[in-house]
Amino acid sequence: MLRSISAHRQFGTLAGLVLLCAVFAFLSPYFLTVSNLLNVMQQTAIIAIIAAGMTLVIVSGGIDLSVGSIVALAGLVVGDLLHQGFAMWLAIPIGLLAGFILGGLNGLLVAWTNLPPFIATLGMMSVARGGALMYAGGGSISGFERSFRFLAEGEVFGLPFPVIIMAAVFGTVHVVLTRTRFGRYVYSIGGNEKAAYLAGVPVRFHKAVVYGVCGMLSGAAAVLLTSRLNSAQSVAGVMYELDAIAAAVIGGASLLGGAGTALGTLIGALIMGVLRNGLNLLDVSSYIQQVVIGAVIVFAVMVDMNLGKGLNLFRAQRETP
Amino acid sequence: MRLFLISLVPVLFALSCGREDVTSDSRPVVGFAINTLNNPFFVDMKTAAESSAVRENVRCLVQATEREMDVERQIQIVENFLQRGISILCITPNGTEAVIPAILRANGRNVPVVVVDSKVDARALQQAGAHIASFVGSDNVEGGRRAGEYIGDRVGAGGRIAILEGPPGHETGESRMRGFREAAESKGLEVVSSQVAHFDRSLGFQVFQNVLEANRELQAVFACNDLMALGAVEAISAAGRGGSIIVVGFDAIEEARDLIRDGKMAASIAQYPADMGEVAVATAARIIRGEEVESQIPTRIELITRENIDDTN
């Protein structure tokens, strides 16, 4: 049995999430209600969608620090277009395209100039933030049509619309990572770039695309955030990169590359969302909340690493005659 | 599995800190979504709100965002309050317009909203169909005006002055600046530089270093909050020009008061965050009791200088 469980690398994280929920359910009568659980998922959606893109980047052996700034800039592009009278179905794809281009620039820098991803995306973080501040003169673009507000506020069959988008994004990323050649290439690049290259994987192309997709998903998050706030802000998304990285890493992605799953990241994002929600419900002081969240990130990753080691040991013993 | 349990230790630790039995408490609950607790201003407000709650016999839950401008997180806090169930919401907005969805959520649950300290854009509020019960806070335009008059009296007409601005589009900062500029104009001052430093101390330092470099004859600076003023004071002393430039801030936080006593800073406009917290919760309690409340409740402001610093609190 342990063997089949160990095949699912996200088991450890899932158990962590369930335990966390059990603790909050025990401590607060307000936690385990349908409306609160939907509330948590809805609150998690924006970070989770960015984290899905971050997972691709991390699996490929990179990191993207620019996602928060891309959220701000792409959000302003969408907001501006909507204010200029563009239809929603046109403004949103252009916003996604803006994200894709900004992310793709990261990818080009990383793939063709051999700049470390940390540096390339650190640069983009500053450039895109500055761009956003210039675009809006440091301010914001506010007030949109009801149809646009539906994206963040609406419900379909009782499910908040952002949750549906989140599910669709994670379903797609899961399939891409596990069932397509593209996914296998991304794992192989992150696992051993040189070997992948020698085996004939178009390394540069795939790296560039991975950053592009991460940027595009940041653009998608930007659309939801703009709708949620009814306002596109030049200061939006500050530090989102850290939440997204944390979600992926809690979910078992390795910053060394080659490891990470869509499902794991989703669970990682939900752990962060549940923590924030639960600590709010219990009226825990805001200072302690930050301490707890930081501690949980570290512990979750520690547990995940040790659990993996333990199970591998177990498997090795069974397989040795 | 053992390690999982270990990972829950910090959570349990946090929960054991000052928890009381939630369910057996029947007092009405005031949810106070406060800007951030990284700023002593809001810490004072929180402390006063909590002691006011004891007097009014209500429960006051205070939750703050980690970052000052994070409206999205503030909306989450309001949503979580509403999940928990509160009788009334007090909120110091993290964004003039972007906070409106949170107010709408509260309206949707028939939870009255008291806005504290910084105002919400009235037009956007109306457009969104949102409704607030009352605003509690100081008149920032008047505060800025007093700062302008003070500097005008000190440097005289034609004086060269600089402004350190808060985040663009932030109602509080812009009101202070508007008041200041009105007074500066009527006193005939020349604004040679007006730069954004986002209410931030280290940005205030950096920006003002550049301002000093570019304007050798600068006589005075008005910073739209004290954190930026503290940064400016550091920049002035780093440039070896201590005492030559009049620095006026806003908020009169403890560190600024110390500098005023030492003569390194000339003045600050005192707002009384403790008054705001106290009046906000008292107003909330009145609303809960079904009393009518005024739509604007001003709290006091004062110009603090070395001369009057020990007479005020």
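*Asks:* Could you clarify how one ought to interpret the environment of Trp112(A) in this entry?
*Replies:* Residues and elements named next belong to chain A. Position of tryptophan 112 among the secondary structure elements: in helix α5 (residues 88-113). For tryptophan 112 and valine 175, which are 63 residues apart along the polypeptide, the C-alpha to C-alpha distance reads 28 Å. Apart from the residues within four sequence positions on either side, tryptophan 112 is in contact with Arg204, Phe205 and Ala208.

*Asks:* Could you clarify how one ought to interpret the sheet that holds strand β7 (residues 190-196) of chain B in this entry?
*Replies:* Strands belonging to one sheet form pairs held by backbone hydrogen bonds; the direction of such a pair is parallel or antiparallel. Residue and element names in this part refer to chain B. Reading across from one edge, β7-β6-β8-β9-β10-β12 is the order of the 6 strands in this open sheet, with mixed pairing throughout. Edge positions in the sheet fall to β7 and β12 (301-305), since each of these pairs with one other strand and no more. On average, each strand axis in the sheet is inclined to that of its neighbour by 15 degrees, with strand direction left out of account. With 4 bridges joining them, strand β6 (residues 160-165) and strand β8 (residues 220-223) adopt parallel strand pairing. Following the sheet pairing, isoleucine 161 is matched in β8 by alanine 220.

*Asks:* Please clarify how the nonpolar core should be interpreted in this entry.
*Replies:* Generally speaking, soluble globular proteins have nonpolar side chains that are buried together. Ranked by size, the top nonpolar core spans 98 residues in total, and within it Phe148(A), Val173(A), Leu89(B), Ile91(B) and Ile103(B) carry the most contacts. Beyond its immediate chain neighbours, meaning those up to four positions away, Ile91(B) contacts Ala33(B), Gln74(B), Val78(B), Val99(B), Val113(B), Val114(B), Val115(B) and Val116(B). By size, the runner-up hydrophobic cluster in this structure holds 51 residues, among which are Ala223(B), Leu230(B), Ala232(B) and Ala270(B).

*Asks:* Is there a simple way to explain the sheet that holds strand β2 (residues 59-65) of chain B in this structure?
*Replies:* All names here are of chain B. Spatially, 6 strands are ordered β2-β1-β3-β4-β5-β11 in an open sheet, and the strand pairing comes out parallel. A single partner strand is all that each edge strand has here, and the edge strands are β2 and β11 (296-298). Neighbouring strand axes in the sheet, compared pairwise and without regard to direction, differ in orientation by 20 degrees on average. Judged from the 3 bridges that link them, strand β3 (residues 88-91) and strand β4 (residues 113-116) form a sheet pairing that is parallel. When the sheet's bridge partners are listed, cysteine 90 is paired in β4 with valine 114. Running at roughly 170 degrees to strand β1 (residues 29-36), helix α2 (residues 40-56) makes contact with β1, β2 and β4 of the sheet.

*Asks:* Please clarify how the pairing of β4(B) should be interpreted in this entry.
*Replies:* Every regular strand shows the same layout, with side chains that alternate between the two sheet faces. Residues and elements named next belong to chain B. Residues of β4 alternate between two faces, with Val113 and Val115 on one and Val114 and Val116 on the opposite face, all of them buried. For β4 and strand β5 (residues 134-137), the ladder comprises 3 bridges, and the chain directions are parallel. Opposite valine 115, over in β5, you have phenylalanine 135 as the bridge partner. What joins β4 to β5 is helix α5 (residues 122-128), and the crossover it makes is right-handed.

What counts and how
- Residues numbered from 1 in each chain as written.
- Chains lettered and ligands numbered in written order.
- Predicted model: local features only at pLDDT ≥ 70, side-chain atom pairs only at ≥ 80, totals over all residues.
- Heavy atoms only, no water.
- Helix = DSSP H or I, 4+ residues; strand = E, 2+ residues; numbered from the N terminus.
- Contact = heavy atoms within 4.5 Å.
- Pairing = 2+ DSSP bridges.
- Axes fitted to C-alpha atoms, helices over the stretch in contact; angles between N-to-C directions.
- Core = buried A, V, L, I, M, F, W, Y, C linked by side-chain atoms within 4.5 Å.
- Buried < 20%, exposed > 50% of the residue type's maximum accessible area, 1.4 Å probe, protein only.
- Right-handed = clockwise from strand over helix to strand, strands pointing away.

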